[in-house]
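# Commentary on secondary and tertiary structure
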Amino acid sequence: RIPSSFRWVVKIIGFDGDRKKGLEQLERAATKGIYAKNEAKWWLSQFYVAEEQPDQAFKYLEELSNKYSQNPFYTQRHGSILLYWLRRANDAITAFKKAITLKNPEAERFISSSYNSLGDAYRFKNNFPEAIQWYQTYLNSNPTDTTIKSNTYYRIGLCYELMGKRDSAIIYYKMPGNNLSAQ
């Protein structure tokens, strides 16, 4: 997939994109490849997410998550497809909790992201106290992405709002970095 603004560059250097052929080659590499099989599955999962075909993306991420069961990256991404695309909150919760238990020090970012996603999963299930707990765990993990951090403050406020605790909600709406704090 080449953004339309860059297609002219690709044509100048002599390449001609063939989406169908490229997809066929990735599919072949994912099923019959030796050295790039896993990379092909990863790229196919990304392609299918971009093409809004979550069932196809899920298939490849599930394979990678099962094959590399000690890798929180694949487990977390697998959970993300389950939650945000397939709306299977209970299955996503299982995946995110598994990613957290892996305790891989080289993958703290994915573990931290799983905390935040657990908050989303419980919020989707209208279990606002549990969602708040996981959002707080995410914030306590010292995240570096200020956009996600401010969105988390907002989501905590939203949970309190939906629980009928407006005063508590306003505290989180006004947290530093929250986009609503300027309004």
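Our subject is the structure listed above.
Just so you know, these numbers come straight off a predicted model, no measurement behind them. (Residues numbered from 1 in each chain as written. Predicted model: local features only at pLDDT ≥ 70, side-chain atom pairs only at ≥ 80, totals over all residues. Heavy atoms only, no water.)

### Quick notes on unusual backbone geometry
What counts, and what does not: Note on exposure labels: buried denotes an accessible area under 20% of the residue type's maximum, exposed denotes more than 50%, and partly exposed covers the range between, all computed with a 1.4 Å probe on protein chains only. The helix count covers DSSP runs of H or I at least four residues long, the strand count covers runs of E at least two residues long, and both are numbered beginning at the N terminus.
You will see that Arg87, though not glycine, has its phi angle at about 55 degrees, which is positive. In this structure Arg87 comes out as exposed when scored by relative accessible area, which is 56%. The backbone of Asn126 sits at a positive phi, close to 65 degrees, despite the residue not being glycine. Summarising the element assignment, Asn126 is placed in the loop between helix 7 (108-124) and helix 8 (128-140). A relative accessible area of 55% places Asn126 in the exposed class.

### Points about the packing of aromatic side chains
Here is the rule we go by: Two aromatic rings, drawn from Phe, Tyr or Trp (for Trp, its six-membered ring), form a pair once their centres lie within 6.5 Å of each other, and the interplanar angle then sorts them: stacked below 30 degrees, edge-to-face above 60, tilted otherwise. To sit over a ring, a charge needs its Lys NZ or Arg CZ within 6 Å of the ring centre and within 35 degrees of the ring normal.
Counted under the stated rule, the structure contains 11 aromatic pairs. Each ring, one from Tyr84 and one from Phe124, has its centre 6.2 Å from the other, and the planes form 90 degrees; the classification is edge-to-face. One end of the pair, Tyr84, is in helix 5 (residues 72-85); the other, Phe124, is in helix 7, with 40 residues separating them in the sequence. Each member of the aromatic cluster is reached from another via a ring pair, and the members are Trp42, Tyr68, Phe73, Tyr74 and Phe110. We note Arg87 situated over the ring of Phe124; from NZ or CZ to the ring centre the distance is 5.2 Å. Its end group placed over the ring of Phe58, Arg88 keeps NZ or CZ at 5.2 Å from the ring centre.

### Thoughts on the pattern of salt bridges
The test is simple: Counted as salt bridges are all cases of a side-chain nitrogen of Lys or Arg within 4 Å of a carboxyl oxygen of Asp or Glu.
Throughout the structure, instances matching the rule amount to 5 salt bridges. Glu63 is paired through a salt bridge with Lys41; the nearest N and O atoms lie 2.8 Å apart. Residue Glu63 is found in helix 4 (residues 54-67), and its partner Lys41 is found in helix 3 (residues 37-50); the two are separated by 22 residues along the sequence. With a relative accessible area of 10%, Lys41 lands in the buried category. One salt bridge connects Arg88 with Asp91, and the closest N-O pair in it is separated by 2.9 Å. Residue Arg88 is classed as partly exposed on the basis of its relative accessible area of 35%. A relative accessible area of 35% places Asp91 in the partly exposed class. Through salt bridges that share partners, Asp120, Arg123 and Arg155 make up one connected network.

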